[in-house]
Amino acid sequence: MPGRFSLYQDLSVEENLNFFATVFGTTVAENYDLIRDIYYQIEPFKTRRAGKLSGGMKQKLGLACALLKKPRLLLLDEPSVGVDPISRRELGRMVREMLDDDTTIVWSTAYLDEAEQCDDVLLLSEGHLLFGGPPSQLTARMDGRVFQLLGIPENRRRQVLTEALEQPEIRDGVIQGAALRLVLTAGMAQPTPEALGGG
């Protein structure tokens, strides 16, 4: 299931389900148990054209179509991109609840909270494997390395972030509301807030 909606936008919800069931050599009724939880949520929109659905409903329809033929391998390419936070959580919960140990799920995501729900995580950057293992081991590598810098006037936050990122102690950073969230380089000591331009 690709991250970008790829079903037939000019067909209704019901027509898309029936079309994919036919492609898979089955029927919606025959595999209703596989999609019951999702269908319950999209059923009120069954006559609506798929292109007119919200982002979350489009992803639920895409997942329902993918599950019509119980897959042994389910590839989900960033299925929650562009979906509101509540629908993101619902989508993850539905996938976990509907599938059993006979199905392997590969879920690509940029969201750590989604990755933390997986049994194993592969962290890739530009085609290179940076980490492989349980999500708890990935997050443990960051223990003590993430901190917030507070007390920076709004008109200086971007400048302070730019200057902080030039220091060898700082690996990464982002403006997060009224603070800067900074990540230390492994093995380096945390600079004082004054050295980073904060207070």
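This section reports on the structure supplied with the text. Note that the structure is predicted; figures quoted are calculated from it, not measured. (Residues numbered from 1 in each chain as written. Predicted model: local features only at pLDDT ≥ 70, side-chain atom pairs only at ≥ 80, totals over all residues. Heavy atoms only, no water.)

Examining the overall build of the protein chain
Inclusion rule: Secondary structure counts use DSSP, requiring at least four H or I residues in a row for a helix and at least two E residues in a row for a strand, with both numbered from the N terminus. What the globule rule says is 2.2 Å times the number of residues to the power 0.38, and the radius of gyration is computed from C-alpha atoms.
Per the secondary structure count, the protein chain includes seven helices and seven strands. Taken from the N to the C terminus, the helices and strands of the protein chain come in the order α-α-α-β-α-β-α-β-β-α-β-α-β-β. Its C-alpha atoms give the protein chain a radius of gyration of 22 Å, clearly above 16 Å, the size a compact globule of 199 residues would have. Along the three orthogonal principal directions, the C-alpha set of the protein chain runs to about 65 × 35 × 25 Å.

Focus on the side chain of Gln59
Selection criterion: Think of a polar contact as two N or O atoms within 3.5 Å of one another; within protein, one of them needs to be a possible hydrogen donor and the other a possible acceptor, and neighboring residues in sequence only count if both atoms come from side chains.
In this structure, Gln59 sits in helix α3 (residues 55–67). A polar side-chain atom of Gln59 sits 2.4 Å from the main-chain carbonyl oxygen of Pro79.

Structural notes on the environment of Thr139
Defined as follows: Note on contacts: a residue pair qualifies if any of its non-hydrogen atoms lie within 4.5 Å across the two residues.
Along the chain, the position of Thr139 falls in helix α6 (residues 135–140). Distance from Thr139 to Gly51, taken between C-alpha atoms, is 38 Å for residues 88 residues apart in sequence. The residues touching Thr139, leaving out its near neighbours within four places in the chain, are Leu112 and Glu116. Of note is the side chain of Thr139, whose polar atom sits 3.2 Å from the backbone oxygen of Ser136.

Focus on the sheet that holds strand β6 (residues 170–176)
Put simply, the rule is: Two strands are said to pair when DSSP picks up at least two bridges between them. Angles run from 0 to 180 degrees between N-to-C directions of axes, and those axes are lines fitted to C-alpha atoms, restricted for helices to the stretch in contact.
Strand order in the open sheet made by the three strands is β5-β7-β6, with antiparallel pairing throughout. Strands at the two margins of the open sheet, each flanked by one partner only, are β5 (146–149) and β6. This sheet shows a mean twist of 25° between the axes of neighbouring strands, independent of strand direction. With six bridges connecting them, β6 and strand β7 (residues 179–184) associate as antiparallel partners. When the bridges of β7 are listed, Ile170 appears paired with Leu184. In this fold helix α7 (residues 157–165) packs onto β5, β6 and β7, with an angle of close to 170° to the strand it touches most, β6.

Notes on the packing of helix α2 (residues 32–42) against α3
So the rule is basically this: Roughly parallel covers angles under 35 degrees, roughly antiparallel covers those over 145, roughly perpendicular covers 65 to 115, and oblique covers all other angles. Here a crossing is called left-handed whenever its near helix is offset anticlockwise from the far helix by less than a right angle, and right-handed whenever the offset is clockwise. Throughout this entry, Asp, Glu, Lys and Arg are counted as charged residues, while Ala, Val, Leu, Ile, Met, Phe, Trp, Tyr, Cys and Pro are counted as nonpolar. The remaining residues, Gly among them, count as polar.
As a packed pair, α2 and α3 sit with axes 9 Å apart at the nearest point and diverge in direction by 150°. One element, α2, and the other, α3, form an angle in the roughly antiparallel class. Between α2 and α3 lies a crossing of left-handed hand. On the side of α2, the interface is formed by Leu34, Ile35, Ile38, Gln41 and Ile42, while α3 contributes Met57, Lys60, Leu61, Leu63, Ala64 and Leu67. Class assignment of the residues belonging to the contact of α2 with α3 gives a composition of nine nonpolar, one polar and one charged.

Digging into the nonpolar core
Heads up, the condition is: Buried Ala, Val, Leu, Ile, Met, Phe, Trp, Tyr and Cys residues that are joined via side-chain atoms within 4.5 Å together make up what is termed a nonpolar core. Burial status follows relative accessibility: with a 1.4 Å probe on protein chains alone, a residue under 20% of its type maximum counts as buried, one over 50% as exposed, and anything between as partly exposed.
Core analysis: the biggest nonpolar cluster contains 25 residues, and Leu17, Ile35, Ile38, Ile42, Leu61, Leu63 and Leu68 have the highest contact counts within it. Listed by contribution, the elements that provide at least two residues to this core are α1 (13–23), α2, α3, β1 (73–77) and α4 (85–98). At six residues, the largest contribution of residues to this core is made by α3. What Leu17 contacts, discounting residues up to four positions off in sequence, is Val28, Ile35, Tyr39, Ile42, Leu61, Ala64, Cys65 and Leu68. Formed by 11 residues, the second largest nonpolar core is a distinct cluster that contains Phe147, Leu149, Ala164 and Leu184.

Focus: the packing of aromatic side chains
Any aromatic ring pair is given by two values, namely how distant the centres are and how the planes are angled relative to each other. This is how the line gets drawn: Working definition: a ring pair exists when centres of Phe, Tyr or Trp rings (six-membered ring for Trp) sit within 6.5 Å. Plane angles under 30 degrees give stacked, over 60 give edge-to-face, the rest tilted.
Taken as a whole and judged by the stated rule, the model has five aromatic pairs. Measuring from centroid to centroid gives 6.4 Å for Tyr8 and Phe20, while their planes differ by 35°, and the two rings are tilted. Here Tyr8, found in the segment before α1, pairs with Phe20, found in helix α1; they are 12 residues apart in sequence, far enough to count as distant. A centroid spacing of 5.8 Å and a plane angle of 75° characterise the contact between Tyr32 and Tyr39, whose relative ring orientation is edge-to-face.

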